[in-house]
Amino acid sequence: VFAGVKVSNGKEIVKTDSGGRYEIPIDDDSIIFVIKPSGFRTALDKNRLPKFFYNHKPNGSPKLKFAGVAPTGPLPQSVDFPMYEQSEPETFRIILFGDPQPRNNQEVDYISHDIVSELIGTHNGSSFGVSLGDLAFDNLDTFETLNESIAMIGIPWYNVIGNHDLNLDATERKHINETYERVYGPSYYSFDY
């Protein structure tokens, strides 16, 4: 149980109490996320993406060309984020990818062959990686295959949304991030390392 861990709904930030509990307002289109504190990590999914968020969309995302969040149903009694201790030295290395932008899975293969293969097992002790937006080139179906490729590097990987990662067929601005939110979570977040 961790006291003082920050949790956000994208608007407010609260801290967990001595029992690790928190309360935060949400609506029917919310993402709750933990702000990872230094010295800890959240769970990782099969593609080494940090599991630091919970989508609350009881009715799911609107129907769009690229799938958004499936209906989550009612809010669970408690939304918890497992945390694990990890060593985080003052000096560390990270890997940054800028604008990978694959248009299709063939271009994901190019990224796998030309970039990822060079980093597998030799990531120079990097603690984590971050892709700095434009994870796709308007074809959001490439998110999953890109994640599978980058996961081979073997380190936790964070992602930042870019203008080519949007649901361009959304009729309202509040729905342009639906696919990104399904795969990567909130468009705006932070973590401490």
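Counting restarts for each chain, with residues numbered from 1 along the sequence as it is written. The predicted origin of the model limits local features to residues at a pLDDT of at least 70 and limits the giving and counting of side-chain atom pairs to 80 or more, whereas totals for whole chains, interfaces and linings rest on all residues. Heavy atoms from the whole structure form the basis of all side-chain values; hydrogens and water molecules are not counted.

> I tried to follow the environment of Leu146 on my own but got confused; where do I start?
Counting from the N terminus, the helices are DSSP H or I runs at least four residues long and the strands are E runs at least two residues long. For Leu146, the location among the structural elements is in helix H2 (residues 142–151). Think of it in three bands: with a 1.4 Å probe and only protein chains considered, a residue is buried below 20% of the maximum accessible area for its type, exposed above 50%, and partly exposed in between. Classification of Leu146 as buried rests on a relative accessible area of 1%. The spatial distance from the C-alpha of Leu146 to the C-alpha of Gln101 is 9.7 Å, given a sequence separation of 45 residues.

> Sorry if this is basic, but what is going on with the sheet that holds strand E9 (residues 157–160) here?
Paired through their backbone hydrogen bonds, the strands of a sheet run either parallel or antiparallel. The rule for pairing is simple: two strands pair if DSSP sees at least two bridges between them. With parallel pairing, the three strands of this open sheet are ordered in space as E7-E8-E9. Of all the strands in the sheet, the pair left with one neighbour each is strand E7 (94–97) and E9. Between one strand and the next, the sheet's axes are offset by a mean angle of 20°, whatever the strand orientation. Bridge analysis of strand E8 (residues 128–132) against E9 gives four bridges, and the strand direction is parallel. Among the inter-strand pairings, Gly129 is bridged to a residue of E9, identified as Trp157. Here an axis means a line fitted to C-alpha atoms, over the contact stretch when the element is a helix, while the angle between two N-to-C directions is reported on a 0 to 180 degree scale.

> Teacher, can you tell me more about unusual backbone geometry here?
A negative phi angle characterises most non-glycine residues, just as the trans form characterises most peptide bonds. A positive phi is found at Arg48, a non-glycine position, where the angle reads about 65°. Within the element layout of this structure, Arg48 appears in the loop between strand E4 (40–42) and strand E5 (53–56). Of note, Gln101 is a non-glycine position whose phi angle comes to about 45°, a positive value. Secondary-structure assignment places Gln101 in the loop between E7 and helix H1 (105–119).

> For this particular structure, what's the right way to read H1?
Every α-helix carries 3.6 residues per turn, so stepping three or four residues along brings you back to the same face. Helix span is expected to be 1.5 Å times the residue number reduced by one. For H1, built from 15 residues, the straight-helix expectation of 21 Å at 1.5 Å per residue is met to within 8% by its first-to-last C-alpha distance of 20 Å. Take the seven residues that end at a residue and the seven that start at it, fit an axis to each, and the angle between those axes is the bend at that residue. Its maximal kink placed at Ser112, H1 deviates by approximately 40°. Taken together, the buried positions of H1 are occupied by Val108, Ile111, Ser112, Val116 and Leu119. Throughout, a contact is declared for two residues whenever any of their heavy atoms are within 4.5 Å. Buried positions along H1 lie against E7 and H2. You can read the cap of H1 off the contacts: a side-chain oxygen lies 3.1 Å from the backbone nitrogen of Gln106, and it is on Asn104. Positive backbone phi, approximately 75°, marks Gly121, located one or two places after H1. By the criterion applied in these results, polar contacts are pairs of N or O atoms within 3.5 Å in which, for protein atoms, one can donate a hydrogen and the other can accept it, and in which residues neighboring in sequence qualify only through two side-chain atoms.

> Sorry if this is basic, but what is going on with the packing of aromatic side chains here?
Each aromatic ring pair is specified by the distance between its two centres and by the angle formed by the two planes. Only Phe, Tyr and Trp rings take part, Trp by its six-membered ring, and two of them pair if their centres are within 6.5 Å. Stacked means planes under 30 degrees apart, edge-to-face means over 60, and tilted covers everything else. With the rule as written, the count across this model stands at 14 aromatic pairs. Placement of a charge over a ring requires the Lys NZ or Arg CZ to be within 6 Å of the ring centre, with the centre-to-atom vector within 35 degrees of the ring normal. The ring of Phe137 has Arg103 sitting right over it, with the charged end atom 4.3 Å from the ring centre.

> Sorry if this is basic, but what is going on with the nonpolar core here?
The tendency in soluble globular proteins is for nonpolar side chains to be buried side by side. Here, nonpolar core means buried Ala, Val, Leu, Ile, Met, Phe, Trp, Tyr and Cys residues that are tied together by side-chain atoms lying within 4.5 Å of each other. Core analysis: the biggest nonpolar cluster contains 20 residues, and Ile95, Phe97, Phe143, Ile150, Ile153, Trp157 and Tyr184 have the highest contact counts within it. Per element, the largest residue contribution to this core is four residues, and it comes from H1. In this structure, Val5, Ile24, Val34 and Phe53 belong to the second largest nonpolar core, which totals 15 residues.

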